[in-house]
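Overview (structure and organization)
Given next are the chains, with one letter for each unit.
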Amino acid sequence: MTLRTLESLGSLEGRRVIVRCDLNVPLRDGVITDDGRVRASLPTLNALINAGARVIVCSHLGRPDGAPDPQYSLEPVAQRLSELLGKPVAFARDTVGESAREAVSSLEDGGVVVLENLRFNAGETAKDDATRQAFARELAELGDALVSDGFGVVHRKQASVYDLAQILPSAAGLLIATELDVLDRLTENPERPYTVVLGGSKVSDKLGVISHLLPRVDRLLVGGGMLFTFLAAEGHGVASSLLEKDQLDTVRGYIAEAKERGVELVLPTDVVVASGFAADAEHETVAADAIEQSSFGASGIGLDIGPDTAARFADAIRDSKTVFWNGPMGVFEFPAFAAGTKAVASALTEVDGLGVVGGGDSAAAVRQLGFSDDQFGHISTGGGASLEFLEGKKLPGLEVLGWQ
Ligand code: ADP
Ligand code: MG
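Residue numbers run consecutively from 1 along every chain, following the written order of its sequence. Labels follow written order: the first chain is A, the first ligand is 1, and so on. Local features in this predicted model are restricted to residues of pLDDT 70 or higher, and side-chain atom pairs are both shown and tallied only at a pLDDT of 80 or more, whereas totals for entire chains, interfaces and linings draw on every residue. The side-chain numbers reported here are obtained from all heavy atoms of the structure, hydrogens and water having been left aside.

In the nomenclature of an unreviewed UniProt entry, the protein chain corresponds to Phosphoglycerate kinase from the organism Microbacterium arabinogalactanolyticum. What the UniProt record of the protein chain gives under Catalytic activity (unreviewed entry) is the line "(2R)-3-phosphoglycerate + ATP = (2R)-3-phospho-glyceroyl phosphate + ADP". UniProt positions are given in the numbering used here, feature names are shortened, and annotations may be inferred rather than shown by experiment. According to the UniProt record, the Subunit (unreviewed entry) comment for the protein chain is "Monomer."

This is the structure we're talking about:
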């Protein structure tokens, strides 16, 4: 572990420092619904401001198609950042054009500008190396050094994350350093019992992490949309619930491997089945092996784990010394189907040890359900990035900062 830190950049006074943050916050009608990622970027930004740097913040937001798209403008984020920093923050209407150059040249020592969405430029996410590098060179002209602090994107080989770090003197920011400290504690000799709770919408997203974690964990709890593929793999009908048929064999393999390794695989015993995918859908709790016998028959959709399952999951979590949780237990966006997620979150706050929440939707869920960040050991800002780290993958955005 030889991650280059801020100190490695030397004195930053008067220097133009580009900071690659992950300010990809959820927005509804132009209003930020969870500013967790903006707050997570503050320690690094304050450190740079205090060091007298001229701070140039860049980030992506959403998935615009490589061209300007007003609904993905970072302007509301710049405004929120200004409120949180308690000082003016300039906003550039483009990323590397006229407006960006002007805003950067007007910066004073300790001043901050936010550039417009990186992904308004096709070069940011281009698969073609030369296209990406060309965009990175344009970005590089704006600054003298790069501080990479967007933990949520370090698993991406993108211009601002990977190529730019090879052009400018570069180092990791404080958020990345903190995230890695915690993830290290989850991989190097975690205190036992070690429990991993997985949920969310897609089994295929989480497959890699399951195979990497099975040899390491004591217990694996499966909820969320992926639980139905596990139930189906055990031969149960799941009516119209989320099911990834092409993953059934892989999941059967995991079930067998868990048994072989003595890992306690905890699957739901009851689920909340709804008449449809809607906030006000009729719903009832049924046994996990009787989903097709609900009053909604073949059209029933499982939208949450049931109360019995939630209680068992909560017990298993509270009884652990290390817990990593990724993926909501149900469609928590609908209050009627948020109970399972709430029970898991609540148990996690009671862990006598390290309790980590990872994943964008999971982090949003705990805040939406009324929990505060300091009730948890750590809330990771990166879902995909933390999963890939736990899978033992090499992350390009970290390797380029010296991480091995
Ligand atoms: P994270 O961002 O924390 O990694 P994911 O993106 O994997 O989590 O999954 C989050 C989504 O999973 C949520 O929007 C939630 O509504 C959905 N989800 C959870 N349970 C179910 C379910 N039973 N059926 C459909 N979607 C579900
Ligand atoms: Mg998600």
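So much for the structure itself; the text now carries on.
1. As for helix α12 (residues 339–349)
Residues lying three or four places apart along an α-helix face the same way, a consequence of the helix completing one turn every 3.6 residues. Buried residues are those whose accessible area, probed at 1.4 Å on protein chains only, stays under 20% of the maximum for their type, while exposed residues exceed 50% and partly exposed ones sit between those limits. Counting from the N terminus, the helices are DSSP H or I runs at least four residues long and the strands are E runs at least two residues long. Among the residues of α12, Gly340, Thr341, Val344, Ala345, Ala347 and Leu348 are the ones counted as buried. Taken around the axis of α12, the buried residues stretch over an arc of 165°, which confines them to a single face. Note on contacts: a residue pair qualifies if any of its non-hydrogen atoms lie within 4.5 Å across the two residues. Of the surrounding elements, those touching the buried residues of α12 are β9 (194–198), β14 (301–305), α11 (307–318), β15 (322–326), β16 (354–358) and α13 (360–368). Here, the arc refers to the directions that run from the helix axis to the C-beta atoms.

2. Topic: the UniProt feature "binding site: ATP" (unreviewed entry) in the protein chain
As recorded in UniProt, the feature "binding site: ATP" (unreviewed entry) lies at Lys206, Gly302, Glu333, Gly359, Gly360, Asp361 and Ser362. Within the element layout of this structure, glycine 302 appears in strand β14. By the element assignment, glycine 360 lies in helix α13. In this view, glycine 360 contacts Arg37 and Gly383; residues no more than four positions away in its chain are not counted.

3. So, the sheet that holds strand β12 (residues 270–274)
Any two strands with at least two DSSP-identified bridges between them are counted as paired. Strand order in the open sheet formed by three strands is β13-β12-β14, with antiparallel pairing between adjacent strands. The outermost strands of the open sheet, each flanked by one partner alone, are β13 (283–287) and β14. On average, adjacent strands in this sheet sit at an angle of 40° to one another, irrespective of strand direction. Both β12 and β13 contribute to a ladder of five bridges, which runs antiparallel. In the sheet register, aspartate 270 faces β13, and the bridge partner there is alanine 287. Axes, fitted as lines to C-alpha atoms, cover a helix only where it is in contact. Angles between the N-to-C directions of the axes lie from 0 to 180 degrees. Across the face of the sheet, α11 comes into contact with β12, β13 and β14 while running at roughly 35° to β14.

4. Structural notes on the packing of helix α7 (residues 174–187) against helix α14 (residues 383–390)
Between α7 and α14, the least distance of the axes is 10 Å, while the angle of their chain directions is 40°. Regarding the angle of α7 to α14, the classification is oblique. Considering how the two elements wind past one another, α7 and α14 form a crossing that is right-handed. Residues Leu180, Leu183, Asp184, Leu186 and Thr187 of α7 pack against Ser386, Phe389 and Leu390 of α14. Throughout, the ten residues Ala, Val, Leu, Ile, Met, Phe, Trp, Tyr, Cys and Pro are labelled nonpolar, Asp, Glu, Lys and Arg are labelled charged, and all others, Gly among them, are labelled polar. When grouped by side-chain class, the residues that make up the contact of α7 with α14 number five nonpolar, two polar and one charged. For classification purposes, an angle smaller than 35 degrees is called roughly parallel, one larger than 145 roughly antiparallel, one from 65 to 115 roughly perpendicular, and anything else oblique. By definition, turning the near helix anticlockwise from the far helix through less than a right angle yields a left-handed crossing, and turning it clockwise yields a right-handed one.

5. Considering the packing of aromatic side chains
Under the pairing criterion, centres of Phe, Tyr and Trp rings, with the six-membered ring standing for Trp, must be within 6.5 Å; the plane angle then separates stacked pairs below 30 degrees from edge-to-face pairs above 60, leaving the rest tilted. A complete count under the given rule lists four aromatic pairs for this structure. Every member of this aromatic cluster is reached through a ring pair, and the members are Phe277, Phe334 and Phe337.

6. Side note on the site of ligand 1
Working definition: residue near molecule or strand if any one of its non-hydrogen atoms lies within 4 Å of it. Among the 18 residues in the neighbourhood of ligand 1, the closest are listed as Lys206, Gly302, Glu333, Asp361 and Ser362. Here a polar contact is taken to be a pair of N or O atoms separated by no more than 3.5 Å, where protein atoms must pair a possible hydrogen donor with a possible acceptor and residues adjacent in sequence count only if both atoms sit in side chains. For ligand 1, an oxygen atom lies 2.5 Å from a polar atom in the side chain of serine 362. All accessibility values rest on the Shrake-Rupley procedure with a 1.4 Å probe; residue burial counts only the protein chains present in the view. Relative to its free-state accessible area of 580 Å², ligand 1 is covered by the protein chains to the extent of 85%. For the shell around ligand 1, the secondary structure elements donating two or more residues are β14 and α13. In terms of residues, the shell around ligand 1 owes the most to one element, α13, which gives three residues.

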